[in-house]
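Take a look at the letters that make up each chain.
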Amino acid sequence: AQSVAQPEDQVNVAEGNPLTVKCTYSVSGNPYLFWYVQYPNRGLQFLLKYITGDNLVKGSYGFEAEFNKSQTSFHLKKPSALVSDSALYFCAVRDILVTGGGNKLTFGTGTQLKVEL
Amino acid sequence: KAGVTQTPRYLIKTRGQQVTLSCSPISGHRSVSWYQQTPGQGLQFLFEYFSETQRNKGNFPGRFSGRQFSNSRSEMNVSTLELGDSALYLCASSLGGPSSSYNEQFFGPGTRLTVL
């Protein structure tokens, strides 16, 4: 079965500093990986995805993620953090074993990002 | 383009009751998935509907059911509510066609269900 791990429950960073939110995955076959962000009392917002191609994926709001097959990682990064980036971040992998195609995402446990002035 | 909408946003029920939640996907999206989010279990997949058919199902008891209408709107029902069913229920839509593997899902704001 597919799985993702987010080893850090919380990440603290100063505004203007680079940020990294870690994610590792375990899949059978090619991974389809996603990052989502959740603000309080809101649903999840899509940030970016890796399907194939370049290992560096660029997404919304200045976020990017680096896919590393040898380390089975898909870390989320941003060169300069903003206070408004403070939120809960989820890494997810699409379950390729679902029948008839379709969407089933397996999510990590989430990482709370706190950006301070 | 309007996003995914879910109604109601908040619900309070008592144990043993049943509840129905509604989700309207983004126009043109044919796949609707449901997820349960709790502090203890995190985000868990409930089921997915595509073209009015359940395409995938997660590991939830039969008390959890759903359906999809011809306009792609979806409902999920929970019967005989238990305290542990208190959660944020999220609906997500996507195009859902043959390339669904590559499509991201767009989430609604969720329905917060509290079971007393």
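Above this note sits the structure.
Residues numbered from 1 in each chain as written. Chains lettered and ligands numbered in written order. Predicted model: local features only at pLDDT ≥ 70, side-chain atom pairs only at ≥ 80, totals over all residues. Heavy atoms only, no water.

Of the residues lining the interface, 22 residues belong to chain A; the matching set on chain B comes to 23 residues. Each partner contributes to the roughly 1900 Å² buried at the junction of chain A and chain B, and carbon and sulfur atoms together form 50% of this total. Broken down residue by residue, the surface that chain A buries against chain B is led by L44(A), N103(A) and F107(A), which jointly contribute 30%. For the pair chain A and chain B, the interface holds one salt bridge. The partner of K49(A) in a salt bridge is E104(B), with the nearest N and O atoms 2.7 Å apart. Run the count over chain A and chain B and you get four residue pairs in polar contact (both at pLDDT 80 or more). Sorting the residues of the side of chain A that touches chain B by element identifies strand 5 (33-38), strand 6 (44-50), strand 10 (87-94) and strand 11 (105-107) of chain A as the ones contributing at least two each. Residues that form the side of chain A that touches chain B fall into these classes: 10 nonpolar, eight polar and four charged. (Contact = heavy atoms within 4.5 Å. Buried area = accessible area lost by both parts, 1.4 Å probe. Salt bridge = Lys/Arg side-chain N within 4 Å of Asp/Glu carboxyl O. Polar contact = N/O pair within 3.5 Å; in protein donor to acceptor, adjacent residues only side chain to side chain. Helix = DSSP H or I, 4+ residues; strand = E, 2+ residues; numbered from the N terminus. Nonpolar A, V, L, I, M, F, W, Y, C, P; charged D, E, K, R; others polar.)

Bringing the nonpolar core into the picture now. Formed by 26 residues in total, the largest nonpolar core has its most connected members in W35(A), L47(A), L48(A), F74(A), L76(A) and Y89(A). The set of elements that each furnish at least two residues to this core consists of strand 2 (10-14), strand 3 (19-21), strand 5, strand 6, strand 8 (64-68), strand 9 (73-78), strand 10 and strand 12 (111-116) of chain A. When residues in this core are grouped by element, the largest group, four residues, is from strand 10 of chain A. Once you skip the residues sitting within four places of it in the chain, L48(A) turns out to touch L33(A), F34(A), W35(A), V57(A), K58(A), G59(A), F63(A), E64(A), A65(A), F74(A) and L76(A). Counting 21 residues, the second-largest nonpolar core is a separate cluster that includes V19(B), L21(B), M76(B) and V115(B). (Core = buried A, V, L, I, M, F, W, Y, C linked by side-chain atoms within 4.5 Å. Buried < 20%, exposed > 50% of the residue type's maximum accessible area, 1.4 Å probe, protein only.)

What follows covers the environment of V115(A). Residue and element names in this part refer to chain A. Summarising the element assignment, V115 is placed in strand 12. On the basis of relative accessible area, V115 is assigned to the buried category, the value being 5%. Once the C-alpha coordinates of V115 and S86 are considered, the two residues, 29 residues apart in sequence, prove to be 5.5 Å apart.

From the geometry alone we can't say anything about function, so treat these as descriptive.
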